[in-house]
Amino acid sequence: MERLSSKSPAIPRLFAPEAGVIGEQPTTTPEALVAAHRPGAGTKPKSGNQLRVDTNFKLRENDARSAGTSRDSAGANILKRLGQLLIILCLCAFGLPGALAQELPGWKLVWADEFDQPDGSSPDASKWVFDIGTGNNGWGNNELQYYTSRTNNARIEGGHLVIEARQESFGGRNYTSARLKTQGKASWTYGRMEARIKLSRGKGIWPAFWMLGTNFTSVGWPACGEIDIMENIGSETNRVHGTIHGPGYSGANGIGGSLPLPGGAAYADDFHVFAAEWETNRIRWFMDDQLFFSVTPARLPAGSQWVFTQPQFILLNLAVGGNWPGAPDASTVFPQRLTVDYVRVYAATNTSKPESPPGCDGNALVNPGFEVGGLTGWQTYGNGFNTVIQHVSSAPVRGGTNVFKVFGQFTGGDNYSGIYQDLPTSPGTSYTAHAWACTPANDRIAGANAAWIEVTFRDAGLNILSFYRSGIFNADTPAEAWHNLAVTNRISPVTYQVIGSVTNLPAPAGAEWVRYQVVFRQPSAAAGAVLFDDLNLSVPVDPEVPIPALVARDDDHLRISFPTTAGLAYQVRYREELNLGQWLVLTNVTGDGTTRTVADALSGDRRFYHVVRVCN
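Residues numbered from 1 in each chain as written. Predicted model: local features only at pLDDT ≥ 70, side-chain atom pairs only at ≥ 80, totals over all residues. Heavy atoms only, no water.

Let us now look at the confidence of the model for the chain. Considering every residue of the chain, the mean pLDDT works out to 81; 82% of them sit at 70 or more. The low-confidence segment residues 2-101, where pLDDT is below 50, has 295 contacts with residues more than four positions distant or belonging to other chains. (pLDDT = per-residue confidence, 0-100. Contact = heavy atoms within 4.5 Å.)

Given below as structure tokens:
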């Protein structure tokens, strides 16, 4: 942002550890159930009773005592292993608080504000403080509002925090709004920071959910580092931005990415979950669990410092005007509201949390065909102008409608350009890798220019441990034909010479990251481009994978919620006895990248459920 340039006790169904949900009819209120899953539409589970079981099949219970509930010891039984099953929990007639939905696999909730205070009250003063006034030079951005701590501008309403920008004369300004921060109250180094927010809209309106280093008061900005988890300018109703600012890459030169909503939908129409996962040497941005940008120290300008190693605090604000969005005009409607359902901070419970699971072909890459938001999921390097997306209307495309094009930087010196992804891995994981490449006849690669695919395994500091490369695509390669560049050469990370031929690419001891990289080298000034499509970094895939699920009762139905990955197939199965008979298919679901919910009418006294991702 800183630019400077009614509840009944639950009777949970049983969860079959093979995957899923078990149980005798649980109950919860519709309010608690609608968003017993995360993220996106619905209301958050502020109260009510629910059960969640993850793939390790442990019941996750969030301090039932605080909800004034207790176990019925006659109804709490732990069943022994049955055949291949892991652990089965049979839990009867006890209540579980709705905060269970705050649990995330791989993360531990360490701080949250659910904004449950009385309507009209100010935000919790034990968690938030206000910035007041106009700041220096309009908070460094020529902003037009006067920030206040009045409930006119920041208040609790319906279980939400409402930050309201108003057109009114106050403190010498024509607009008022609010800016809240956790500075002096709470700060964190690394973790997942997320908030569920409905945005404002209109020209000159600038909402933000962001972070600043706690050393801001001593070293200043941008040396303190800034992580913009979500920013939006009101004239771009369907696009949000995620950015970092630091010394050498601040203001308009901040490093970031953006994500549009499909179909022209507006972020002000509904709630969405915005999150950043901040790790050692990497920050990733998500919208409704869709990864849309990632940055590592390698992405910084030469000589720049990665300053994201110190504690940071959270800010929420709604600005009016400023250098980026410009001033409001006659089309801007006031008041405008930024509505925040919750803010949550998580600490990692492991050091290599996996990405979204690979598809049934095993491909671990995000957006391998460039069909989702162009270069979403990819990092570019080089000058920037020479790494672009082209459409089938203007370039040969192998599959879908888009293709990635890369060419030289024309600096007269040896230069490299391309894209890459860093993905978590673990020693012993084995990959195969390839990409399809083509040079167009009207822009054929020339001179000594060359292109290839690299796969490197790296330690926690991103130091190279082992190195693999495909064959070389050069001016001798026939034009207008798609060529499969398989990564089969083992390369010395010291001399960069071929030292052997391989079929599989094993992650060595100490490996925490695998980098898949497209490289275009221009040794000297020469023309031509190479197109890349259908990139692939594959791992073996099980035909069926158990999926964590959340179960809750809504009147005469049981609702089963589970996370999905776009394009993958899922089945919700059931049977009447856990260890008898075949699993029957309740329904098939195609993943869309959000949490999906399946309803089943209650019948009989029990039914067992099993949720799997299927590849067949």
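Pairing is antiparallel in the open sheet, where four strands are placed in the order S34-S40-S37-S38. The open sheet terminates on both sides in strands that have one partner only, identified here as strand S34 (544-546) and strand S38 (584-590). The mean angle between the axes of side-by-side strands here comes to 30°, regardless of whether they run parallel or antiparallel. In the sheet, S34 pairs with strand S40 (residues 608-614) via three bridges, with the strands oriented antiparallel. The residue of S40 that forms the bridge with Pro 546 is Val 612. (Pairing = 2+ DSSP bridges. Helix = DSSP H or I, 4+ residues; strand = E, 2+ residues; numbered from the N terminus. Axes fitted to C-alpha atoms, helices over the stretch in contact; angles between N-to-C directions.)

On to the nonpolar core, then. In this structure, Ile 197, Phe 209, Ile 244, Ile 283 and Val 343 are the most contacted members of the largest nonpolar core, which totals 52 residues. Not counting residues within four places of it along the chain, the set of residues in contact with Ile 283 comprises Ile 227, Ile 244, Ala 276, Glu 277, Trp 278, Phe 293, Ser 294, Val 295, Trp 306 and Phe 308. Core analysis: the next-biggest nonpolar cluster, separate from the first, contains 34 residues, Phe 370, Leu 423, Ala 437 and Tyr 516 among them. (Core = buried A, V, L, I, M, F, W, Y, C linked by side-chain atoms within 4.5 Å. Buried < 20%, exposed > 50% of the residue type's maximum accessible area, 1.4 Å probe, protein only.)

Relative to the assigned elements, Gly 373 resides in the loop between strand S20 (336-348) and strand S21 (379-381). Using a relative accessible area of 51% as the deciding quantity, one classes Gly 373 as exposed. Between the C-alpha atom of Gly 373 and that of Ile 389, which follows or precedes it by 16 residues, the distance is 9.7 Å.

One open sheet accounts for seven strands, arranged S5-S10-S19-S12-S13-S14-S15; its pairing is antiparallel. Looking at the sheet topology across the chains shown, the edges are occupied by strand S5 (129-131) and strand S15 (255-260). Strand-to-strand twist of the sheet, defined as the mean angle between neighbouring strand axes without regard to direction, takes the value 20°. Where strand S12 (residues 205-213) lies against strand S19 (residues 312-320), nine bridges are found, and the strand directions are antiparallel. Opposite Trp 210, over in S19, you have Leu 315 as the bridge partner.

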